[in-house]
Amino acid sequence: MEIWINPACSKCRSAISVLDAEGADYTVRRYLEDVPTEDEIRAVLERLGLEPWDITRTQEAAAKELGLKEWARDGTSRDRWIKALSEHPKLIQRPIITADDGTAVVGRSEEAVRDALSR
């Protein structure tokens, strides 16, 4: 199990607390420092069953500068979104937990974190 976090994020700290309380075996990835490649983002999206725009923080300054709200959300635009997430990792929704069964969840709630633990 791996969790992508920003240590400054309260949702990330809460997720870590739940994992620790449950005695989970996990690896922390500080994704702002250890930036995911485009291929890693594609793999996580597949595990999540989501599209890149589904995990994009559109209120971030970088998103506004890029004009992401205006970008098409379709198959032909998918690579453009993934590239933006890789080039601007702060845009990636957090925390993302990769579960042992090959799936992943965006662990923004205690229930989502517990869901990842149960897989």
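K.L.:
Just checking my understanding: could you explain the nonpolar core for this structure?
P.N.:
In globular proteins that are soluble, nonpolar side chains generally tend to be buried together. The biggest cluster of nonpolar side chains holds 19 residues, and the ones touching the most others in it are I55, I92 and I96. When contributions to this core are tallied by element, the ones reaching two or more residues are α2 (38-48) and α4 (78-87). The next biggest cluster of nonpolar side chains, apart from the first, holds 15 residues, and it includes M1, I3, A24 and V113.

K.L.:
When you look at the packing of helix α1 (residues 10-21) against helix α5 (residues 110-118) in this model, what are you seeing that I'm missing?
P.N.:
A packed helix pair is summarised by two numbers, namely the angle formed by the two axes and the spacing between the axes. The N-to-C vectors of α1 and α5 enclose an angle of 45°; their axes lie 10 Å apart at closest approach. Looking at the two axes, α1 sits oblique to α5. The interaxial crossing formed by α1 with α5 has right-handed handedness. Between α1, through A15, V18 and L19, and α5, the contact on the second element is made entirely by E110, V113, R114 and L117. When the residues that make up the contact of α1 with α5 are grouped by side-chain class, the tally is five nonpolar, no polar and two charged.

K.L.:
Would you take a moment to explain the packing of aromatic side chains for this structure?
P.N.:
The description of two aromatic rings rests on the distance between their centres and on the angle between their planes. Inspection of the entire model under this criterion finds two aromatic pairs. Each ring, one from W53 and one from W81, has its centre 5.8 Å from the other, and the planes form 70°; the classification is edge-to-face. Separated by 28 residues along the polypeptide, W53 in the loop between α2 and α3 (61-66) and W81 in helix α4 bring together distant segments of the chain. For the residue pair W53 and W81, the accessibility class agrees, reading buried in each case. For the ring pair W71 and W81, a centre distance of 5.5 Å and an interplane angle of 80° mean the geometry is edge-to-face. One end of the pair, W71, is in the loop between α3 and α4; the other, W81, is in helix α4, with 10 residues separating them in the sequence. Owing to a relative accessible area of 12%, W71 belongs among the buried residues under this scheme. Aromatic ring contacts, followed pair by pair, group W53, W71 and W81 into a single cluster. Here R80 stacks its cationic end above the ring of W71, 3.7 Å away from the centre of that ring.

About the thresholds
- Residues numbered from 1 in each chain as written.
- Predicted model: local features only at pLDDT ≥ 70, side-chain atom pairs only at ≥ 80, totals over all residues.
- Heavy atoms only, no water.
- Core = buried A, V, L, I, M, F, W, Y, C linked by side-chain atoms within 4.5 Å.
- Buried < 20%, exposed > 50% of the residue type's maximum accessible area, 1.4 Å probe, protein only.
- Helix = DSSP H or I, 4+ residues; strand = E, 2+ residues; numbered from the N terminus.
- Axes fitted to C-alpha atoms, helices over the stretch in contact; angles between N-to-C directions.
- Parallel < 35°, antiparallel > 145°, perpendicular 65-115°, else oblique.
- Left-handed = near helix turned anticlockwise from the far one by under 90°.
- Contact = heavy atoms within 4.5 Å.
- Nonpolar A, V, L, I, M, F, W, Y, C, P; charged D, E, K, R; others polar.
- Phe/Tyr/Trp six-rings, centres within 6.5 Å; stacked < 30°, edge-to-face > 60°.
- Lys NZ or Arg CZ within 6 Å of the ring centre and 35° of its normal.

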